[in-house]
Amino acid sequence: MHYLPIPAIVLSLLIAPSVSESAYPDVSLAIDQFVSQVYPKGSRYFWVINDTTSDVANEIIVDINTELQVSTEEEDAQPNRFLLLLVKGKLMGAQHIPLGAKIDCHSEEKEI
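Residues numbered from 1 in each chain as written. Predicted model: local features only at pLDDT ≥ 70, side-chain atom pairs only at ≥ 80, totals over all residues. Heavy atoms only, no water.

> Would you mind going over the sheet that holds strand β3 (residues 78-87) with me for this structure?
Two strands in a sheet stick together by hydrogen bonds in their backbones, pointing the same way (parallel) or opposite ways (antiparallel). Spatially, β1-β2-β3-β4 is the arrangement adopted by the 4 strands of the open sheet, whose pairing is antiparallel. Across the chains shown, the open sheet's two edge strands, defined by having one partner strand only, are β1 (44-56) and β4 (90-96). Averaged over all neighbouring strand pairs, the angle between strand axes comes to 25 degrees, with direction disregarded. (Pairing = 2+ DSSP bridges. Helix = DSSP H or I, 4+ residues; strand = E, 2+ residues; numbered from the N terminus. Axes fitted to C-alpha atoms, helices over the stretch in contact; angles between N-to-C directions.)

Written out as structure tokens, the structure is:
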């Protein structure tokens, strides 16, 4: 009975990485690579997904906000917003859009 927790911990460590992977495992990597090219090398930044849509199985449109983290109060933060087209986890297109723009990533469907 004393040895039961050890195999349970080992098993949970082996299973955890596969459970935590998303349906699109390369999406966050593609977004991070794109954002790292927007700001100067070595800078600190973050990005947030506002919305996504996927009308086709291997294609996803992502609406993201990005911001450069500044070290002093004298510098202004540099927020940006982009629409990204990812196909099979690879960036195929990016469009810079205004921060306050109302964007609907979902396809237009007509009601009958």
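> When you look at the pairing of β1 in this model, what are you seeing that I'm missing?
The two faces of the sheet receive side chains in turn, since in a regular strand these alternate between them. The pairing of β1 with strand β2 (residues 59-69) spans 10 bridges and is classified as antiparallel. Counterpart to isoleucine 49 in the pairing with β2 is isoleucine 64. Adjacent in sequence and paired antiparallel, β1 and β2 are bridged by 2 residues.

> In this structure, what is going on with helix α2 (residues 27-38)? I would like to understand it.
Note on helix geometry: an α-helix contains 3.6 residues per turn, so any two residues three or four positions apart are oriented the same way. End to end, α2 covers 17 Å across 12 residues, agreeing with the expected 16 Å (1.5 Å per residue, within 8%). Those residues of α2 not exposed but buried are Val27, Ala30, Ile31, Phe34 and Val35. Along α2, the residues classed as buried sweep out an arc of 130 degrees about the axis, all on the same side. Looking at the packing, one finds that the buried side of α2 touches β1, β2, β3 and β4. (Expected span 1.5 Å × (residues − 1). Buried < 20%, exposed > 50% of the residue type's maximum accessible area, 1.4 Å probe, protein only. Arc of directions from axis to C-beta. Contact = heavy atoms within 4.5 Å.)

Just geometry here; none of it tells us what the structure is for.
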